[in-house]
Amino acid sequence: MLDLRLLRFFIAIYEQKNITAAAERCHVSQPSLSAGLRQLEESLGDTLFLRGKRGVEALPPAHYLYPHAVKLVEEARRLPDLFRQKASRARLNLAVMPDLSKRRLATLLQRIQRHLPSLDLTLSDPETPADCRLTLDVLRREDEIFLPLWEEDYVLCVPIDHPLALRERVELHELQAHDFIECPPCEAHQQTLGLLACDRITLNLVAKAQSKGLVMALVLAGAGISFLPDGLIEEEPALRAVPLAGPRMFRRIGLCYPARQTLSPALSALIPELAAGPTS
């Protein structure tokens, strides 16, 4: 590993073109500077300067080394400042639930960055302890406050070549004629199954999945049709969202943060901005 002190000696010699002047600039004796130059040349395995009576002449290896040496020395000089700047930056750890609209999540992140441009932001798994959570209102804990950000409607999700793909609206009773994929943890699925059960209508359940992303994969594979949030499938060209006749089913997504403990400075500054209006 090269000694930065030797690179500083080299830069001074290269720019001054004189050993004596370079030694004065580096505040070292001429013999120390010459010894340092020899050590650097031995490390690189090449001669950097041609010594003469009027000074030194830079050889091709020195011309090659110079910009790299300047960059390394400058980066080393700036390193303490960079650490001090990083230490002074506001930090926010945001736990994000899976199966969110990438476009709407990106819009939220852009909004956060505009409001807090020097923020040191970390996105975490939903099970990781964090300053706040981006999740559903129904998943709010008792000791949390929920700040709504956007809503997503549940729609019937079908492949683009499915018979229902061209329909403008589908009635609930029509679902029994098609293979259906269930997501047991989803309240919208359970609500619809309950409505159908009241009318003595049963669905042909052909598969189950524990997440909406996995449900979407099954629909894409042609295993059946299902309900999914419109935000999740809006950028999937192989799927079609078909409105379903009946009561509106939707999910509300927002920020959950502690109700009875001190918030991080970044979160305290961010909450009023997010509360001012929805994320579209």
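Look a little higher up for the structure.
Keep in mind the model is a prediction, meaning the values are calculated, not measured.

What counts and how
Residues numbered from 1 in each chain as written. Predicted model: local features only at pLDDT ≥ 70, side-chain atom pairs only at ≥ 80, totals over all residues. Heavy atoms only, no water. Helix = DSSP H or I, 4+ residues; strand = E, 2+ residues; numbered from the N terminus. Rg over C-alpha atoms; globule rule 2.2 N^0.38 Å. Buried < 20%, exposed > 50% of the residue type's maximum accessible area, 1.4 Å probe, protein only. Contact = heavy atoms within 4.5 Å. Areas by Shrake-Rupley, 256 points an atom, 1.4 Å probe, with all protein chains shown as cover. Lys, Arg positive; Asp, Glu negative; His and termini not counted. Charge placed at Lys NZ, Arg CZ, Asp CG, Glu CD. Pairing = 2+ DSSP bridges.

A. A look at the overall build of the protein. Scanning the protein from terminus to terminus reveals nine helices and eleven strands. Expected size for 280 residues packed as a compact globule is a radius of gyration near 19 Å; at 32 Å, the protein overshoots this value by more than 25%. Each principal axis of the C-alpha atoms in the protein carries an extent, and together these give about 105 × 45 × 25 Å. Here the protein holds 280 residues, and 40% of them are scored as buried. Counting contacts in the protein only where the partners sit at least 6 residues apart, residues at least 24 apart contribute 74% of the total. Summed over its atoms, the accessible surface of the protein is roughly 16,000 Å², and 53% of this surface lies on carbon and sulfur atoms. One finds the centroid of the 33 positive side-chain charges in the protein at a distance of 8 Å from the centroid of its 35 negative side-chain charges.

B. Up close: the pairing of strand S1 (residues 49-52). Pairing between S1 and strand S2 (residues 55-58): four bridges, direction antiparallel. Each bridged residue has a counterpart across the sheet, and for Gly52 the counterpart in S2 is Gly55. As consecutive antiparallel partners, S1 and S2 are separated by two residues.

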